[in-house]
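# Notes for the structure review
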Amino acid sequence: MRFQIACAGALALALAGGGAQAHHSFAMFDLSKEVTVSGTVKQFQWTNPHAYIQLVAKDEQGRDVEWSMEMGAPMYLYARGWRPRTLRQGMRINVKLNPLRNGRPGGVVRDVTDSTGKPIGTNR
Amino acid sequence: MSLRSVAGLVAAAFVAIASPALAQDSAPAPLSAEARVEAFAKLPYWPGYWVSEQYQNTTIGGSAPARPAGSPPLQRLNGFNAPFNEEGKRQQAENARTRAGRRADGWGYPMMMDAATPFQVTITPEETVIINAYGESRHIYTDGRGFPPEEDLFPTVWGTSIGRWEGDTLVIETIQVQMPYTYFHGGPPFSEQAHYYERLRMEGDYLVLDFRVEDPVTLTEPWSATIRHVREAGYDRMMRMDFSNDRTGQEDGVNTIEPPADEPEGQ
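Note that the structure is a prediction, hence the values are computed from the model and not measured.

Calculation criteria
- The numbers attached to residues start from 1 for each chain and follow its sequence in the written order.
- Written order decides the labels, with chains lettered from A and ligands numbered from 1.
- Since the coordinates come from a predicted model, pLDDT governs what is reported: local features require at least 70, and pairs of side-chain atoms require 80 or more to be given and counted, while whole-chain, interface and lining totals use all residues.
- The nonpolar core is taken to be a set of buried Ala, Val, Leu, Ile, Met, Phe, Trp, Tyr and Cys residues joined by way of C-beta atoms within 7 Å.
- Here a residue counts as buried when 20 or more other C-beta atoms sit within 10 Å of its C-beta, as exposed when there are 12 or fewer, and as partly exposed otherwise, the C-beta atoms being derived from the backbone.
- What counts as a helix is a DSSP run of H or I of at least four residues, what counts as a strand is a run of E of at least two, and both are numbered from the N terminus.
- Note on contacts: residues are paired as contacts if their backbone-placed C-beta atoms lie within 7 Å.
- DSSP bridges decide pairing: two strands pair if at least two such bridges lie between them.
- Confidence of the prediction at every residue is given by pLDDT, a number between 0 and 100.
- By this rule, a helix spans an expected 1.5 Å times one less than how many residues it contains.
- Summarising the geometry, the arc corresponds to the directions from the helix axis toward the C-beta atoms.

### Side note on the nonpolar core
One recurring pattern in soluble globular proteins is that nonpolar side chains are buried together. Ranked by internal contacts, the top residues of the largest apolar core, which has 77 residues, are Ile53(A), Met69(A), Met71(A), Val95(A) and Val109(A). Residue contributions to this core peak at five residues, all from helix 2 (residues 74-79) of chain A. For Val109(A), the residues in contact, after removing those within four places along its chain, are Ile53(A), Met69(A), Glu70(A), Met71(A), Val95(A), Leu97(A), Ile60(B) and Gly61(B).

### Some thoughts on the pairing of strand 3 (residues 127-132) of chain B
Residue and element names in this part refer to chain B. Residues Thr128, Ile130 and Asn132 line the buried face of strand 3, whereas the alternating positions Glu127, Val129 and Ile131 sit on a face that is not buried. In terms of strand pairing, strand 2 (residues 119-123) meets strand 3 through five bridges, oriented antiparallel. Bridge pairing links Val121 to Ile130 in strand 3. Taking the residues between adjacent antiparallel strands as the criterion, strand 2 and strand 3 are bridged by three residues. As judged from the five bridges shared by strand 3 and strand 4 (residues 137-141), these two strands associate in the antiparallel manner. Residue Val129 lies in a different strand from strand 4, and its bridge partner there is His139.

### Description of the interface of chain A and chain B
Frequently, the measure chosen for interface size is the accessible area that the parts lose on association. Listed by partner, the interface residues are 45 residues for chain A and 47 residues for chain B. Per-element accounting of the side of chain A that touches chain B gives the leading share, six residues, to helix 2 of chain A.

### Quick look at the confidence of the model for chain A
Looking at chain A, pLDDT values average 84 and 81% of them are 70 or higher. Low confidence marks residues 1-18 of chain A, where pLDDT is under 50. Its contacts with residues over four positions away, or in another chain, come to 14 contacts.

### Some thoughts on helix 3 (residues 86-98) of chain B
Residue and element names in this part refer to chain B. The end-to-end C-alpha distance of helix 3 is 18 Å, a good match for the 18 Å that 13 residues give at a rise of 1.5 Å each. Every buried residue belonging to helix 3 is among Gly88, Gln91 and Asn95, and all of these are buried. Each buried residue of helix 3 lies within a common arc of 65° when the element is viewed along its axis, so the set occupies one face. Within helix 3, the exposed residues directed more than 90 degrees away from the buried face are Glu86, Lys89, Ala93, Ala96 and Arg97.

### Focus on unusual backbone geometry
Backbone torsion omega between Asn48(A) and Pro49(A) reads 5°, so that peptide bond is classified as cis. Relative to the elements of secondary structure, Pro49(A) occurs in the loop between strand 1 (35-45) and strand 2 (52-58). Omega for the bond connecting Tyr109(B) with Pro110(B) falls within 30 degrees of zero, at 10°, which places this linkage in the cis form. When you line up the elements, Pro110(B) lands in the loop between helix 3 and strand 2. Positive phi, close to 65°, is recorded for Asn57(B), a residue that is not glycine. Relative to the helices and strands, Asn57(B) is located in the loop between strand 1 (50-52) and helix 3. The phi torsion at Gln176(B) lies on the positive side, around 60°, for a residue other than glycine. Summarising the element assignment, Gln176(B) is placed in the loop between strand 6 (169-175) and helix 4 (180-183).

### Here we look at the pairing of strand 7 (residues 195-203) of chain B
On a regular strand, one side chain projects to one face of the sheet and the next to the other, so that they alternate. All names here are of chain B. Looking at chain direction, strand 6 and strand 7 are connected through five bridges and run antiparallel. Bridge pairing links Thr174 to Tyr196 in strand 7. For strand 7 and strand 8 (residues 206-214), the ladder comprises nine bridges, and the chain directions are antiparallel. Looking at the pairing, Leu200 lines up with Leu209 of strand 8. Linking two consecutive strands that pair antiparallel, namely strand 7 and strand 8, is a turn of two residues; a positive phi of about 60° is found at Gly204 within it.

### Digging into the environment of Ala133(B)
Here Ala133(B) shows up in the loop between strand 3 and strand 4. The spatial distance from the C-alpha of Ala133(B) to the C-alpha of Ala33(B) is 31 Å, given a sequence separation of 100 residues. Residues within four places of Ala133(B) in sequence aside, it is in contact with Met75(A), Thr117(B), Pro118(B), Met238(B), Met239(B) and Arg240(B).

Now the structure itself:
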């Protein structure tokens, strides 16, 4: 476990140091945590300065919660094979993200897979 | 005297009053068509969507991928290790203190030359234009002109540049750059008195930038860095859009994500 924590810390440091977002720093996200949220796409915002996935997922009490999932600018998505209609309303997807530090349902997206677990676009 | 004549006299008087303050056009006369074709033929061609090596394969989250363990550190233009004097250190500390809650509309100069945002280089005999996907552009005049006279200078986010060709190397000088970190929180704290020198050229598949800055206000001595740019895969056109959906808010001095605005049509 200690090794895993150390790796997570190193990853967080690397991500923090390698932040590419020209728009704002990554300080708002907890880069030491990764969570995966599964839900239904409400909206895919192909916009500057960031793209966003609005995803509706169930919380622990079974209530619908809308997440605001921030991505890089569309230019970065485009280079990784994403397009403005890659996600459509109603699609079921899984999103791995670093959550917001303030506890609100949101975060910065790390990877996205479809309902079968197949990666959407490329990210490496 | 007709109304039109009176209007003409008034306009002429206005021009006569205003003319002494107008500066001369500093652009040389245009080349003839034949001379321009010849000039074009001597210039290099640097096609591609260039990003600095640090940011190759930027992820969908907007992060640079972690470099393999043991990779040598890459030089950056953020000036973290520049030889700052007391004023430079004070500015650096001020940026560190305030950057967490700030946001930017782009990179500005010099950081657009060390960025994840791809840029293209368009070379003509008269000028080289460097333009990135945020629409930030540098016009580097290579027609032999010097810098505008002092009365024409004003600081901007991207500065004022002139250049010349030494073989296939573009030699650039830039002045009148606004304090870079005030536009982009990751920028260096150089003053508006800074004078920037660059040499841009191809080395194999890399577009290499040798960068040097002299700033009597914030540096104890000139500072240099070399940035290598690579052609980023995945682009067949410039993905250019305006900033229509800025949802970055602020809470307790740190950014957060604001709720979405009204649903756009077509969803």
